[in-house]
Amino acid sequence: MTFGRSNGSREERIGERGGDKGGGGDRGGDEAWRSSSRLPGTVKPRHYDLRLGVYMDNFTFSGEVSIQLDCVNATKYIVLHAYRLEIERVSVFSDSTNSRSGNKAGGGAVRVQRHFPYLPNQMHVIVLQRELRPMRSYRVNISFEAVIEDELLGFFKSTYTMNGEKRYLAVTQFSPVHARKAFPCFDEPVYKATFSLSLRHQSDYISLSNMPVHSSSLVDEEGWVTDHFARTPRMSTYYLAWAVCNFTYKETHTDSGVTIRLYARPDAISSGAGDYALHITKRLLTFYEDYFKVKYSLPKLDLLAVPKHPYAAMENWGLSVFVEQKILLDADVSSLSYQMELTMVVVHEICHQWFGDLVTPVWWEDVWLKEGFAHFFEYVGTDFLFPKWNMEKQRFLTDVLHEVMLLDGLSSSHPISQEVVQASDIDRVFDWIAYKKGAALIRMLANVMGQKLFQKGLNDYLTTHMFGNAARQDLWNKCSQAMRSEGLDIDISEVMDKWTCQMGYPVVTISKNESTNHVTVQQEHFLYGQEARSDNSSVWQIPLSLTLGNSTSTFTETLFWIHNKTENHSVGRMDEDTWLLGNINQTGYFRVNYDLDNWKLLIQQLYNKHEMISVGNRAGLIDDAFNLARAGYLPQSIPLQMICYLPQEPSFLPWHAASRSLYHLDKLLDRTQDYNLFSDYVLKQVASQYHKMGWPSNVPSNAPSNEANIMQASYQIDELQREVIMLACSFGNKHCHRQAVAQISDWISSNKNRIPPNVRDIVYCTGVSLMDEDVWEFIWMKFHSTSAVSEKKILLEALTCSDNTFLLNRLLNLSLGSDLVADQDAIDVIIHVGRNPHGRHLAWSYLRDKWDVLNARYGEALFMNAKLINGVTEFLNTEDELNELKEFIQSSGGAGPALPRALEIVEGSVRWHRLYRRQLYQWLRKAPSSAPLG
């Protein structure tokens, strides 16, 4: 059976078939589908038998689903989800009969009075002649047809080119609420069931799903095949997945017998681009099984690399789907940063096979229970793969903790657990608060509990709730039990609910009293906007670690639990030279402030003997100082004085923390009259380290590069060198500019790219910004000709660095209006044009002009709209731009919480200019040349 589009939208046609576009139905009934966006819960699914025919010639599919139901409460209505499906036939049977035949005699059939869609809640309502009875089983059979979507949600199609020929594939993306676009189902996470899937498709394609194929049959002489997949364990609808493609694969096996395959374009597989991900996946499955003490539950795990996907990846159980640039590694041209990001995406998705797939949050308000864990384990799992990278103790700070505290310090933030009532609210919970704050709180919890008890709590949580659902209280209970098993009476729920149910985080201010050897500790809600601080009723239970030191030694670390607004604690002997340092290695999710004398002692310590303070705390001091100054808790001079020690800093992490804040100041100041005072100051801090480290050596085009090189990468040194070169080139170091131009020129003249992969993005961008239009055209040509996905990404970003507004406009128009730029990359083009001072106004105008197109294309995809809005608007900082943003918000409507957040950030930037810019420039004018304090 084939299905083609008729005139009119599918929503209209579906409505016509049901006789009610908005949902009418039996108006005398209880109409639970109208009164709540949640399913009524009167019946629940036990098993789905789903049979699909996929027609790649016209991109449609047809299906029949038979759902075995248990009746919980007597009802005349079966309410389930269906959206953009043309439902043809519906029948209901008592499960005691053979319902497949649909026409057996006897009392098994339950007459369907009518059925219709209720589009506002994406539901389909089946009205029965008689009530279903509790404790009985029934079966509902539904046949349906639909279009394989163009948008990247539901069951959608994608394209790629192979030997000059355009090829197609179709793949699913059901999280969070898009399974209903592919088959009628109970599309809420708590309705777990088992699934038996069969897929009928042309024989020149293969099909994949969560489970292995247990049998295949040739359907007819015309080359159609039906693949029957093994029955799944109990799982939520949004983790069901399938794909129809003509990819090839490589495979490996774990010692416990799990088959791991990586499927991708045939040329990617033959080039070895999937080998690295396949290798680390094998190691990771073993790592997680050992860490959680819970075996991986399925016989196989497929990794599928697709050209287009709305997200980096999706953790469907047994069939994880990745966008190509997050899983394919072209070792010859990929930078260490790219390799690290790819590694962490794979680590994240494999963790989800336990946290998410095996144990699923009851409802979306606790989505952080899966995303926070997966994000935390990105760093723990990568530490297992590469211990020398020291990810959890170091890189976690700058990439997770510092980043999410920027968002969570806004009054437009929200609690990590937030109420989700409407389906439209679900997208709101998938943000960096859920991912990164979730990870930061889990890291804090792990440090409070200790490694052994933390692992015990996780094991008990997973084994108790496996194949089922859990809420945050279930996790707290298991962690508290683990603590009590060792005689530690800490109520984890009482501690952690403060952090998960309240918005934001505290700033802890520590003041010393030398005469009494006490410290006074005060906590208050940290917020960037002073006017928002008037309501300061929030109190947290804070695990505050504290150490004392002086110019020659440090003293014992102490842990205090802070429960009140203000507390006094005895800390041992102090004098006027004793400094305090709180939140050791930044294991706690809060900022620390001190009295000015203590700040000056810490700055002096960094300048004289920085190694007495750990690398993590040096980075933490820099981040806290800059953000406390940004929010008005500290003078602007304190962070600027602090980083005068950086020329002596040999470690990557403090440089990385400093550069984040310096780039923020750069975008605030780059259009001001005295900007050169700031840029000269930055270049002065960078100069000695830049000349000391130099540039990485050129790589011959035929140099061998393999997985072993990646494994042995001198991560810390390479990343520091890259950070320093990026700062030098960004702020106008002449030698850095000459080096970049020379390397681009060599590439053009020899047609051999000898630019080291770790700095290619810097060199490309610098070259495009400084050189003529011919270089832009050369990079554009290379973007089209390369097949290496990592190289394609940085070439595209380099094109946004031009100071030629004609070229930037051309690129913006090409990104949306052609097939030359992938859907998910078009957003990056707009954002990167906005980062370019010459393109800031262009990107902002483009966003407003094309808003309807952009919102239609990306509005349903989690993160996409927020990423676009934040990325373009964060560079706005004048009164005029603030007014333009307000007008845009009034006229655009929608976009969830992204627009209010953008407004608060821009208001904060305008306020900073008004209150603090003069103070910052005053200090820069009289900044000392060799001493940290002025």
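Keep in mind the model is a prediction, meaning the values are calculated, not measured.

## Overview of the side chain of H414
At step 1: Here H414 lies in the loop between helix 7 (391–408) and helix 8 (426–429).
At step 2: For H414, a relative accessible area of 11% puts it in the buried group.
At step 3: Here the side chain of H414 touches D431 through a polar contact of 2.6 Å, side chain to side chain.
At step 4: In this structure, H414 is in contact with D408, R428, D431, I433 and M503, ignoring residues within four places of it in sequence.

## Looking at the packing of helix 16 (residues 652–669) against helix 30 (residues 898–925)
At step 1: Helix 30 packs onto helix 16 with a crossing angle of 100 degrees between their chain directions and a minimal axis gap of 11 Å. Between helix 16 and helix 30, the crossing angle belongs to the class labelled roughly perpendicular. Contact with helix 16, carried on its side by L665, L668 and L669, involves S909, W912, H913, R917, L920 and Y921 of helix 30 and no other residues of that element.

## So, the nonpolar core
At step 1: Counting residues in each nonpolar core, the largest one holds 294 residues, and the members touching the most others are F183, W242, F292 and W354.
At step 2: Residues contacting F183, with those up to four places away along its chain left out, are Y48, L50, V65, H81, L85, F144, F174, F195, L240 and W242.
At step 3: L169, V171, L208 and A243 belong to the second largest nonpolar core, which has 16 residues in total.

## A short note on the confidence of the model for the chain
At step 1: Considering every residue of the chain, the mean pLDDT works out to 90; 91% of them sit at 70 or more.
At step 2: pLDDT under 50 marks residues 1–29. Its contacts with residues more than four places away, or in other chains, come to 68 contacts.
At step 3: Note on residues 700–713: pLDDT under 50 across the span, and 18 contacts to partners over four residues away in sequence or across chains.

## Examining the sheet that holds strand 15 (residues 242–245)
At step 1: With antiparallel pairing, 4 strands are arranged side by side in an open sheet as 9-10-15-12. With one partner strand each, in any of the chains shown, strand 9 (154–162) and strand 12 (206–209) form the two edges of the open sheet. If you compare each strand with its neighbour and ignore which way they point, the axes differ by 15 degrees on average.
At step 2: Bridging between strand 9 and strand 10 (residues 165–173) involves 9 bridges; their strand directions are antiparallel.

## A closer look at the environment of S334
At step 1: Tracing the backbone shows S334 in the loop between strand 20 (319–323) and helix 5 (336–352).
At step 2: For the pair S334 and P757, spaced 423 residues apart in sequence, the C-alpha to C-alpha distance is 5.7 Å.
At step 3: Excluding anything up to four places from it in sequence, S334 contacts L329, Q339, P757 and S790.
At step 4: Separated by 2.9 Å, the side chains of S334 and S790 make a polar contact.

## Section: unusual backbone geometry
At step 1: The omega torsion across S175 and P176 is -5 degrees, close enough to zero to call that bond cis.
At step 2: The topology assignment puts P176 in the loop between strand 10 and strand 11 (194–202).

## Side note on helix 11 (residues 472–484)
At step 1: Along its 13 residues, helix 11 runs 19 Å from first to last C-alpha, staying within 8% of the 18 Å computed at 1.5 Å per residue.
At step 2: Restricting attention to buried positions, one finds in helix 11 the residues R472, L475, W476, K478, C479, S480, A482 and M483.
At step 3: Turning to helix 11, the residues buried within the fold contact helix 6 (368–385), helix 9 (432–449), helix 10 (451–465) and helix 12 (492–501).

## Quick look at the pattern of salt bridges
At step 1: With the rule as written, the count across this model stands at 47 salt bridges.
At step 2: Here K452 and E486 are joined by a salt bridge, their closest N and O atoms 3.6 Å apart. Residue K452 is located in helix 10, and its partner E486 is located in the loop between helix 11 and helix 12; the two are separated by 34 residues in the primary sequence.
At step 3: In this structure E486 comes out as partly exposed when scored by relative accessible area, which is 43%.
At step 4: The partner of R591 in a salt bridge is D624, and the shortest N-O contact between them spans 3.1 Å. Highlighted residues: R591 in strand 29 (residues 591–594) and D624 in helix 14 (residues 615–630), separated in sequence by 33 residues. In terms of burial, R591 and D624 fall into one category: buried.
At step 5: Taken together, the salt bridges that share partners define one network made up of R84, E149, E151 and K181.

## Focus on the environment of A170
At step 1: Inspection of the secondary structure puts A170 in strand 10.
At step 2: Judged by relative accessible area, which is 0%, A170 ranks as buried.
At step 3: Along the sequence, A170 and D70 sit 100 residues apart, while their C-alpha atoms lie 33 Å from each other.
At step 4: Dropping the residues within four chain positions of it, A170 is found in contact with M56, I148, F155, F156, K157, W242, A243 and V244.

## Re the state of the cysteines
At step 1: The full count for this structure, using the stated rule, is 2 disulfides.
At step 2: The residue that forms a disulfide with C729 is C736, at a sulfur-sulfur distance of 2.0 Å. The S-S bond linking C729 to C736 shows a torsion near -100 degrees; that makes this disulfide left-handed.
At step 3: According to the relative accessible area criterion, C729 is buried, its value standing at 6%.
At step 4: Here C736 falls in the buried class, since its relative accessible area comes to 0%.
At step 5: Two residues, C765 and C801, share a disulfide whose sulfurs are 2.0 Å apart. Across the S-S bond linking C765 and C801, the dihedral sits near -105 degrees, which makes this disulfide left-handed. On the criterion of sequence distance, the pair formed by C765 in helix 21 (residues 760–770) and C801 in the loop between helix 23 (789–799) and helix 24 (805–817) is long-range, its members being 36 residues apart.
At step 6: With relative accessibility at 27%, the residue C765 sits in the partly exposed group.

Rules used throughout
- Numbering of residues starts from 1 in each chain and follows the order in which that chain's sequence is written.
- Under the rules for a predicted model, residues below a pLDDT of 70 receive no local features and side-chain atom pairs below 80 are neither given nor counted, while totals for whole chains, interfaces and linings still include all residues.
- Excluded from the side-chain calculations are hydrogens and water; all other atoms, namely the structure's heavy atoms, are used.
- Helix numbers and strand numbers start at the N terminus; a helix is a DSSP run of H or I with at least 4 residues, a strand a run of E with at least 2.
- Only protein chains enter the accessibility calculation, which uses a 1.4 Å probe; a residue whose area is less than 20% of its type maximum is buried, one above 50% is exposed, and one in between is partly exposed.
- Here a polar contact is taken to be a pair of N or O atoms separated by no more than 3.5 Å, where protein atoms must pair a possible hydrogen donor with a possible acceptor and residues adjacent in sequence count only if both atoms sit in side chains.
- Any two residues whose heavy atoms approach within 4.5 Å at even a single point are treated as in contact.
- Structural elements are reduced to axes, namely lines fitted to C-alpha atoms, with helices fitted over the stretch in contact, and the angle between N-to-C directions of any two is expressed from 0 to 180 degrees.
- Angles below 35 degrees are treated as roughly parallel, those above 145 as roughly antiparallel, those between 65 and 115 as roughly perpendicular, and all remaining angles as oblique.
- We call a set of buried Ala, Val, Leu, Ile, Met, Phe, Trp, Tyr and Cys residues a nonpolar core when their side-chain atoms join them within 4.5 Å.
- Confidence of the predictor at the level of single residues is captured by pLDDT, which takes values from 0 to 100.
- Between any two strands, pairing holds if DSSP finds at least two bridges.
- Working rule for helices: expected span equals 1.5 Å times residues minus one.
- Here, a salt bridge means any side-chain nitrogen of Lys or Arg that lies within 4 Å of a carboxyl oxygen of Asp or Glu.
- Only a pair of cysteine sulfur atoms within 2.5 Å counts as a disulfide in this structure description.

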